[in-house]
Amino acid sequence: MRRLRYDLVGLAVVVALSLWLGGCVYAARPVTSPALTAPSATATATPFAPVTNTPLPPTATPSPTLPATATPLASPTPSPTATPARPARPRYDFTAALDFWARTLTVDERIVYPNAGPSALDRLVLNVEPAQWPHVFYLQSATVDGQPVRGVLSGTRWVVPLPEPLRPGQSLVLEIHYRLALPYRTGSRIFGMDARQTNLVDWYPFIVPYDAQQGWLWHKPWPFGDHLVYPSADYDIVLTLKHAAAGTRIAASALPDADGHYRLQAARAFVFSLSPYFQTARAQAGAVTITSYYCPEVAVGGKALPTYAAQAVATYTQVFGALPRRHLAIVATDAPDGMEYSGLVFLSTNFYRTYHRAVVSNLVSLGVHELSHQWWYDQVGNDQAMHPWMDEALAVYSEWLFYQRNYPADVRLWWGFRVNYFQPRGYINRSIYDYTSFRPYVNATYLQGARFLEALRRRMGDQAFFAFLRDYYAQMQGRIATPQDFFRILDAHTGSYQDIVARYFAP
């Protein structure tokens, strides 16, 4: 994932970082490379100058034509490796009321938490993302199995001592009652509400994953990148609206069931976006319906996006494996970047405004990038603070596969502007905390990461490379993958890559 958090450090950081396209994209004005700049290209904040005018494809069906200038995208063969049993998942139940006049969200939250680890736990560690802003999070009460608890909330880290140890295989029930005084949305924060749109993202406390070797996987916020590590969990949410404007539409991580409950299983997060101005457009990719939510002033891009999205979902399903979702939402919002959540991704309205039916554009490339995170984040999780390359490198490479499969005439252009344009360098296996500015982080983690995967593919050949990706997806689905998992599974498909690792990974 891929996000910036200017609101954590104030306007000085905004000025210092200058221009950002967070989490999943790029920042700063690029250094022009004469060998890669087309005559009609102009220097922009992103690597995508609309130098082609590829028309909008008529259908959502991916083209069977493969790029003549790129390695053919072979159909991967299944791996015989057995998939291990999935760990038990937490369950999150919510009853929430959103009052638009009062600008408040009142929440009753119930967490059923199983101890799936090998040792007893004497405490829980939760992340409370709204607590990073003053006067937003108001805790009213909390109980563990009916016994009142308080704990210590320091920043966004909430440590709750348990009345008695939770032994392996046992479960407890944590109930939390709280109120959010929703902040005004800013240009650097998706969370909050304004007169046009309300976004509820990372709006609830959640128990961070526990690792037997590392302990609780909680990390401090950072001006860029993602510090959150999300467990896979099941969700059941009842959301009621008070004083909502007529015609308010709700985009969510899942569609509501017939009884009005929003339910989603094996997800990393559940988010909502609401607006009385939303218009919608849809496309289908197999069993998956993609819905685009946008406001009238960006209707051209909003209507075009589902077709590209359906192509991307079809391509990723073929290459990586099936996605256990029936609905995906893409939401335009006034933020300078893209951001992914389970079942829903946000894209900057600036991407829509600058879309002129060019397939090599921010709207298309960043749109399919964010959608790929439904595989490399929602299904296969990772520690995004310590090992951000594990989802971001794969997401950039997924863009490359999208263009190879669907727009072979544009693959060289895309690679030039997306990767080579910035002349990236640096080792890819650094944490977000190893960087003091955004551009070097993106160059190494995202762009060098894509080069690493391309080098692996050329060394292994398509059949082995795509079999590896499918095997990695199958084995790590619902888990938090580590670099050790990545290379363990890679070793089952090839044994000759150590020199490539030495080129892209710090010792």
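Structure report, in brief. (Residues numbered from 1 in each chain as written. Predicted model: local features only at pLDDT ≥ 70, side-chain atom pairs only at ≥ 80, totals over all residues. Heavy atoms only, no water.)

1. Here we look at the sheet that holds strand S18 (residues 279-285)
Then comes step 1: Strand order in the open sheet formed by 5 strands is S18-S19-S20-S22-S21, with mixed pairing between adjacent strands. Two strands close off the open sheet at either side, each with one partner strand: S18 and strand S21 (339-341). Shown here is a sheet whose adjacent strand axes are inclined to one another by a mean of 20°, direction ignored.
Then comes step 2: Pairing between S21 and strand S22 (residues 344-348): 3 bridges, direction antiparallel. In the strand pairing of S22, Tyr341 is matched with Leu344. (Pairing = 2+ DSSP bridges. Helix = DSSP H or I, 4+ residues; strand = E, 2+ residues; numbered from the N terminus. Axes fitted to C-alpha atoms, helices over the stretch in contact; angles between N-to-C directions.)

2. Section: the pairing of strand S7 (residues 157-166)
Then comes step 1: Pairing geometry for strand S3 (residues 121-127) and S7, over 6 bridges, is antiparallel. Bridge pairing in S7 places Leu126 opposite Trp158.
Then comes step 2: In terms of strand pairing, strand S6 (residues 152-154) meets S7 through 3 bridges, oriented antiparallel. Across the sheet, Leu153 pairs through a bridge with Trp158, a residue of S7.

3. Quick word on the nonpolar core
Then comes step 1: Ranked by internal contacts, the top residues of the largest apolar core, which has 90 residues, are Phe452, Tyr472 and Phe486.
Then comes step 2: A total of 12 residues in this core trace back to one element, the largest contributor, which is helix H8 (residues 438-460).
Then comes step 3: Here Phe452 is in contact with Trp389, Ile428, Phe486, Phe487, Ile500, Val501, Tyr504 and Phe505, once residues within four sequence places are set aside. (Core = buried A, V, L, I, M, F, W, Y, C linked by side-chain atoms within 4.5 Å. Buried < 20%, exposed > 50% of the residue type's maximum accessible area, 1.4 Å probe, protein only. Contact = heavy atoms within 4.5 Å.)

4. Regarding the layout of surface pockets
Then comes step 1: Of the volumes computed, that of the largest pocket is approximately 900 Å³.
Then comes step 2: Along the walls of the largest pocket sit 40 residues, with Pro87, Pro209, Tyr210, Arg479 and Ile480 positioned nearest its centre.
Then comes step 3: Put simply, the parts of the chain that give the lining of the largest pocket at least two residues each are strand S2 (104-114), strand S12 (210-211), helix H5 (374-379), strand S24 (480-481) and helix H10 (483-491).
Then comes step 4: Among the elements that take part in the lining of the largest pocket, H10 stands out by supplying 3 residues, more than any other.
Then comes step 5: Its residues assigned to classes, the lining of the largest pocket shows 21 nonpolar, 11 polar and 8 charged. (1 Å grid on protein atoms, 1.4 Å probe; cavity = no way out; pocket = protein on both sides within 12 Å on 5 of 7 lines; lining within 4 Å. Points joined across faces, edges and corners; volume = space filled by probe spheres on them. Nonpolar A, V, L, I, M, F, W, Y, C, P; charged D, E, K, R; others polar.)

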